[in-house]
Amino acid sequence: MAREAQSGAAGLELNEPRRSDDGEGATVAFPFDAVLVERFRETFPRARWQDETACWFVPGKTADRRIAAWLRDHIPSSLALADQRGRDAFDFEPIESPYLEAAGDLLVRTPFSRTVIEELRAIPWAAWDPDLRVWHVPFRSVERLRERWLSIEAAARRAEPAARRRRQDELKASPEYDQYRQRAAERRRKRFPAPLSDLPPFGRVVMTSWGAIVPIGTDGELAQPEPASTHYPGLAADGERIWIDWRSPSLDELVRTWPARTEPDAHDIARGWWQPSLRELRAERRKARSAEKAAATRTAKRST
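Along each chain, residue indices are assigned from 1 in the same order as the chain's sequence is written. Residues qualify for local features only when their pLDDT is at least 70, as the model is predicted, and side-chain atom pairs are given and counted only at 80 or more; totals for whole chains, interfaces and linings, by contrast, use all residues. The basis for every side-chain value is the complete set of non-hydrogen atoms in the structure, without hydrogens or water.

1. Re helix α2 (residues 34-43)
Filter applied, for reference: Between buried and exposed lies partly exposed: a residue is buried under 20% and exposed over 50% of the maximum accessible area for its type, with that area taken using a 1.4 Å probe on protein chains only. Every helix listed is a DSSP run of H or I at least four residues long, and every strand listed is a run of E at least two residues long, numbered separately from the N terminus. The arc under discussion is defined with respect to the helix axis, by the directions toward the C-beta atoms. Contact between two residues is taken to exist if any of their heavy atoms lie within 4.5 Å; hydrogens are not considered.
Within the sequence span of α2, burial applies to L36, V37 and F40. Down the axis of α2, the smallest arc covering the buried residues is 100°, so these residues share one side. Here the buried face of α2 lies against β2 (25-28), β4 (55-59) and α3 (63-74).

2. Focus on the pairing of β4
Rules: Strand pairing is assigned whenever DSSP identifies at least 2 bridges connecting the two strands.
In terms of burial, β4 is a largely internal element, 4 of the 5 residues being buried. Both β2 and β4 contribute to a ladder of 4 bridges, which runs antiparallel. Across the sheet, A26 pairs through a bridge with V58, a residue of β4. Taken together, the 3 bridges between strand β3 (residues 48-50) and β4 define a ladder with antiparallel strand orientation.

3. A closer look at the pattern of salt bridges
Let me state the cut-off plainly: When a carboxyl oxygen of Asp or Glu lies within 4 Å of a side-chain nitrogen of Lys or Arg, that pair is called a salt bridge.
With the rule as written, the count across this model stands at 14 salt bridges. Linking R140 and D83 is a salt bridge whose minimum nitrogen-to-oxygen distance equals 2.9 Å. With R140 in the loop between β8 (134-137) and α6 (142-158) and D83 in helix α4 (residues 76-92), the pair connects residues that are 57 residues apart, well separated along the chain. Here R140 falls in the partly exposed class, since its relative accessible area comes to 26%. Taking the shortest distance from any N to any O, the salt bridge between E186 and R191 comes out at 2.9 Å. One exposure class covers both E186 and R191, and it is buried. Each of E118, R121 and R286 takes part in a single network of salt bridges with overlapping partners.

4. As for the sheet that holds β3
On the basis of which strands lie adjacent, the open sheet formed by 4 strands has the order β1-β2-β4-β3 and antiparallel pairing. Taken across any chain shown, the strands that pair with only one partner, and hence form the sheet edges, are β1 (18-19) and β3.

5. With respect to a positive patch on the surface
As a reminder of what qualifies: Without a salt bridge and with relative accessible area above 30%, a residue can belong to a patch; like charges are then joined within 9 Å and nonpolar side chains (Val, Leu, Ile, Met, Phe, Trp, Tyr) within 5 Å. All accessible areas in this document rest on Shrake-Rupley with a 1.4 Å probe, and a residue is counted as covered only by the protein chains that are shown. Note on charges: Lys and Arg go in the positive column, Asp and Glu in the negative column, and His and the chain ends are not counted at all. In this description, the location of a charge corresponds to atom NZ of lysine, CZ of arginine, CG of aspartate or CD of glutamate.
Together, R158, R164, R166 and R167 make up a region of like positive charge exposed at the surface. The element best represented in the positive patch is helix α7 (residues 161-173), accounting for 3 residues. In this structure, R166 sits in helix α7. When its relative accessible area of 48% is taken as the criterion, R166 is described as partly exposed.

6. Re unusual backbone geometry
Residues other than glycine seldom take positive phi values, yet R133 does so here, at roughly 55°. Tracing the backbone through its elements, the reader meets R133 in the loop between β7 (127-129) and β8. A positive phi angle, near 50°, is found at K190, a position not held by glycine. As for its position among the elements, K190 is in the loop between α8 (177-188) and β9 (191-195).

Interpretation in functional terms is not warranted from these geometric data alone.
Shown next, in the form of structure tokens:
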């Protein structure tokens with residue numbers, strides 16, 4: 001294993017620990033050094049080298065934090081130098097924004113926005129602080145932050161309460177509001193039209209235009225063309241369809257779902273359901289993990 005790591009890790013740059021999609025481990029890569037690799041394996045005896053991703057995988061729900069602490073102790077000079085260069089670059093050309101504060105590192109504090117979260121997750125070493133409710137971005141990642149800042153700031157401004165209320169008022173006054181309400185009502189019915197000749201597997205996670213669902217059964221009711229074509233665009237118009245009842249998948253189900261090797265094609269879209277790709281599963285797992293955390297937080301607040 002050590003020999004494989006030597007050949008695979010040679011030439012790698014240091015990157016930040018990344019939590020796996022299922023939250024049961026984390027990955028990391030760093031420049032090869034025989035002593036460093038040996039120390040890493042002593043600290044993380046369950047670590048395994050992954051040829052396909054060219055990084056180390058460490059199991060455990062807190063693996064990302066443990067790896068980050070280990071890196072700070074064992075590669076301090078590299079990180080400190082990168083942070084100093086980033087700080088100098090920021091001082092020379094600062095990012096002026098009400099959502100950004102320069103302290104020991106860069107602090108990003110915005111209203112809740114999925115776009116902001118996705119952008120910050122793509123920045124190396126960025127980490128969420130649940131106690132202070134702020135994103136920490138070390139100065140070594142300032143250029144990556146700068147590349148994404150226009151998108152982050154625009155999404156933050158759209159997420160401001162006043163901007164949300166203004167959009168809601170504009171939506172209510174628009175002719176599309178009735179369509180919006182009808183679509184929301186249709187989603188609450190938790191059904192979708194599937195071809196009678198090609199039904200989805202019941203009890204398994206599939207993707208639809210609504211996102212990931214688990215089909216649970218049908219009473220055989222035929223789906224009329226009008227609601228099907230209105231609320232489920234892209235479906236093939238030929239052939240009979242019946243309504244399929246569904247529920248939202250749990251995080252555990254999404255983690256255990258095997259991804260498709262390819263993205264959905266035109267046939268899948270026209271059919272209305274398909275096996276989720278790895279990209280789709282990752283997005284659905286993140287949403288499910290956030291939903292479970294939010295539910296746990298609400299439960300804890302009610303109990304106290």
